[in-house]
Amino acid sequence: LLERRLERAREEARARHLDAAATRLQVALADHARALTPARTRAGMLGVNVLLPGAPPPSLENMASELDATGVSLTLSGPWPPYAFAREALAHAHG
């Protein structure tokens, strides 16, 4: 019973840590992004979809290093076409 409680507490702490990292990332990119939506992925992972008008800001590489030191890995992919964000934009507009 104690082991289950401890594991649950660890999972909750991991989730809070990931949420805080995602919030920090969103705040850092907010001035640069045309669209930004959080996206839950597989267990223990968190994604943030960001539509940037150009190349990612240099501060993003610094943030990747800082997050990596806390156990959060930041992986960039793309570029993705703007229409890849259409579903999120429509959901937001009608939500």
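Only a predicted model underlies this, so the values are computations on that prediction, with no experimental measurement involved. (Residues numbered from 1 in each chain as written. Predicted model: local features only at pLDDT ≥ 70, side-chain atom pairs only at ≥ 80, totals over all residues. Heavy atoms only, no water.)

Our focus in this paragraph is the overall build of the chain. Helix and strand counts for the chain stand at 3 helices and 2 strands. Along the chain, from the amino end to the carboxyl end, the secondary structure elements read α-β-β-α-α. Going through the 95 residues of the chain one by one, you find that 15% of them count as buried. In the chain, 44% of the contacts between residues at least 6 apart in sequence involve partners at least 24 apart. When the accessible surface of the chain is totalled, it reaches about 7,500 Å², and 56% of it is carbon and sulfur. (Helix = DSSP H or I, 4+ residues; strand = E, 2+ residues; numbered from the N terminus. Buried < 20%, exposed > 50% of the residue type's maximum accessible area, 1.4 Å probe, protein only. Contact = heavy atoms within 4.5 Å. Areas by Shrake-Rupley, 256 points an atom, 1.4 Å probe, with all protein chains shown as cover.)

Further remarks concern the nonpolar core. General note: in soluble globular proteins, nonpolar side chains tend to be found buried as a group. Core analysis: the largest hydrophobic core is formed by 8 residues, namely L18, A21, L25, L29, L60, M63, L67 and V72. Of all the elements in the fold, those that place two or more residues in this core are α1 (2-29) and α2 (59-69). It is α1 that contributes the most residues to this core, 4 residues altogether. Filtering out sequence-adjacent residues up to four positions away, L67 remains in contact with A21, R24 and V72. (Core = buried A, V, L, I, M, F, W, Y, C linked by side-chain atoms within 4.5 Å.)

This next bit is on α2. For α2, the complete set of buried residues consists of L60, M63 and L67. For α2, the angular spread of the buried residues around the axis is 55 degrees, confining them to a single face. Of the exposed residues in α2, those oriented more than 90 degrees away from the buried face are E61, N62, S65, D68 and A69. (Arc of directions from axis to C-beta.)

Let us look at the packing of α1 against α2. The interhelical angle for the contact between α1 and α2, taken along N-to-C directions, is 170 degrees, at an axis separation of 11 Å. With respect to their mutual orientation, α1 and α2 come out roughly antiparallel. Judged by residue contacts, A21, R24, L25, A28 and L29 of α1 engage L60, M63, E66 and L67 from α2. (Axes fitted to C-alpha atoms, helices over the stretch in contact; angles between N-to-C directions. Parallel < 35°, antiparallel > 145°, perpendicular 65-115°, else oblique.)

Our next topic: the pattern of salt bridges. Throughout the structure, instances matching the rule amount to 3 salt bridges. Put simply, R24 and E66 hold a salt bridge, and the shortest N to O gap is 2.2 Å. Of this pair, R24 sits in helix α1 while E66 is found in helix α2, placing the two residues 42 residues apart along the sequence. The exposure class of R24 is partly exposed, given its relative accessible area of 37%. (Salt bridge = Lys/Arg side-chain N within 4 Å of Asp/Glu carboxyl O.)

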